[in-house]
Amino acid sequence: MTASSLLSRIRNKEAVIGVFGLGYVGLPLALCFAEAGFRVIGFDNDPAKPDLLSEGQTYLNHITPNRIKAAINSKLSVTTDYSQANQLDAIIICVPTPLNKYREPDLSYVSNTVTQLLPYLKAQQILSLESTSYPGTTEELIRPLVESKGFSIGEDYYLVYSPEREDPGNSSYTTKTIPKVCGGETPACLNVGVKLYEAIINTVVQVSSTKTAEMTKLLENIYRAVNIGLVNEMKIVADAMGLDIFEVIDIHEVIEAAATKPFGFTKFSPGPGLGGHCIPIDPFYLTWKAREYGIHTRFIELAGEVNRAMPEWVVQKTADALNEHGKAVKGSKILILGLAYKKNVSDSREAPAVQIIHLLKAKGAQVDYSDPYIASFPKKRDYRFDMNSVEASVNALQSYDCVILVTDHDDFDYAEIENHAQLIIDTRNRFNACKNVIQG
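This write-up is about the structure you can find in this document. From a predicted model like this one, the values you see are computed outputs, not experimental measurements.

Let us now look at the layout of surface pockets. When its volume is computed, the second largest pocket comes out at roughly 1300 Å³. Taken together, 41 residues form the lining of the second largest pocket, with D167, R224, I228, Y341 and K342 sitting closest to its centre. Among the secondary structure elements, those contributing two or more residues to the lining of the second largest pocket are α8 (210-244) and α9 (251-258). For the lining of the second largest pocket, the element with the highest residue contribution is α8, accounting for 6 residues. Looking at side-chain class alone, the lining of the second largest pocket contains 12 nonpolar, 15 polar and 14 charged residues.

Here is the structure:
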């Protein structure tokens, strides 16, 4: 089989697509290919995911069970068995790329996936990495592994990098409508990669290399991290100035006013810190790689310091507010509203709420959380709390000394919370200004 025959199989939707990692990135992608008419095999090392999907159930709240059932009944199968990879024409890797405890890239999920796939690689196959990483990952990590099988990249094997751009909970954009960046190791690789993604994505943006595509993803998320760090710092400054001059400076009012400028300003909102699998992590992939070239990325790292300090700032605001009400943090009952890192999703990776809970517990507070999407506190590398979500009922709200809004899920009844909570620390600007609401 030649590249032309592989392209023909993609064009005629005869190619078999393998998606490795069925999380927030991989599952929507697998569904998109299946819904476009491709046969898709989804792989995940966690057997619970294939089991649930095979039964037509979902574990992502923005993916409906009906959508899962339709795909399973037609084009999608799911498994933990890597030997099925010998059927694939396209391999798409969507596994986690976290940081280790030293804030260094952990590419073990990527390297282990490719290593497990090596026995099943075959000529005239395309492999695409979508996991976020530093510039050079595809060329320096994956290419040598593929070439160890005797393949010639761009001639009988095709290698591309196409960063994921999923935004869970955002109904305005879908996998199909978000433009897709793609870079290849060679022009032939790029050609195959573009044709693969054009089969399901409205707009595919071609770039000159895998390194360029990798850097593009980092720039997107570093841009957000730096600007969020800026408005978080502005929030702290506005809060301090308001105390000094006995007149509140509402940073949200300031941002809304600035956003009326039709050029030169992009609106970002402050919050209790950064969360998720991208924004808190991706900038440090570049800072780590930059050190290899003797460059200290001071601007990026400063924004990271500001954002990582926000949970501590929220806890201090809570302590100050409790003190004004004649109470200490120690012994106070505090309810955290929202454990997820962003509203209307069930993902708590790197969520600022987790750090806030840890800090409050360390100060002796009795802490509970309420989150309609996360029934029990998930196991994490650094934190193990035996906690279950509590209902934010009227009686419950009245029993807490303080309520902290960390994640502003639309499911919360904000009027009820405002009417019945004794004290509210609002980190998301969802409540009206009143005597029991403190901007945090």
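Take the sheet that holds strand β13 (residues 437-439) next. Ordered in space as β10-β9-β11-β12-β13, the 5 strands form an open sheet in which the pairing is parallel. For this open sheet the edge positions go to β10 (366-370) and β13, each flanked by a neighbour on one side alone. Ignoring strand direction, the axes of neighbouring strands in this sheet form an average angle of 20°. Together, β9 (333-337), β11 (402-405), β12 (424-426) and β13 form the strand contacts of helix α11 (residues 298-324), whose direction differs from that of β11 by roughly 155°.

In this section: the packing of aromatic side chains. Applying the stated criterion to the full structure yields 12 aromatic pairs. Look at F377 and F385: their rings are 5.2 Å apart centre to centre, the planes differ by 70°, and that puts the pair in the edge-to-face class. With respect to burial, F377 and F385 carry one shared label: buried. Cluster of aromatic residues (ring-pair linked, three or more members): F20, F43 and Y82.

Read from one edge to the other, the open sheet built from 8 strands follows the order β3-β2-β1-β4-β5-β6-β7-β8, with strand pairing classed as mixed. In the strand order of this sheet, the two ends are held by β3 (76-79) and β8 (204-207), each with one partner. Adjacent strand axes in the sheet meet at a mean angle of 25°, parallel and antiparallel pairs treated alike.

Quick look at the pattern of salt bridges now. Taken as a whole, this structure holds 19 salt bridges when the rule is applied. Here D410 ties to K343 by a salt bridge, and the two come within 3.8 Å at their closest N and O atoms. Linking D410 in the loop between β11 and α14 (414-420) with K343 in the loop between β9 and α12 (352-362), this pair joins segments that are 67 residues apart in sequence. Given a relative accessible area of 45%, D410 falls into the partly exposed group. Between R349 and D347 there is a salt bridge whose closest N-O contact spans 2.7 Å.

What counts and how
- Residues numbered from 1 in each chain as written.
- Predicted model: local features only at pLDDT ≥ 70, side-chain atom pairs only at ≥ 80, totals over all residues.
- Heavy atoms only, no water.
- 1 Å grid on protein atoms, 1.4 Å probe; cavity = no way out; pocket = protein on both sides within 12 Å on 5 of 7 lines; lining within 4 Å.
- Points joined across faces, edges and corners; volume = space filled by probe spheres on them.
- Helix = DSSP H or I, 4+ residues; strand = E, 2+ residues; numbered from the N terminus.
- Nonpolar A, V, L, I, M, F, W, Y, C, P; charged D, E, K, R; others polar.
- Pairing = 2+ DSSP bridges.
- Axes fitted to C-alpha atoms, helices over the stretch in contact; angles between N-to-C directions.
- Contact = heavy atoms within 4.5 Å.
- Phe/Tyr/Trp six-rings, centres within 6.5 Å; stacked < 30°, edge-to-face > 60°.
- Buried < 20%, exposed > 50% of the residue type's maximum accessible area, 1.4 Å probe, protein only.
- Salt bridge = Lys/Arg side-chain N within 4 Å of Asp/Glu carboxyl O.

Any functional reading would require information that these geometric values do not contain.
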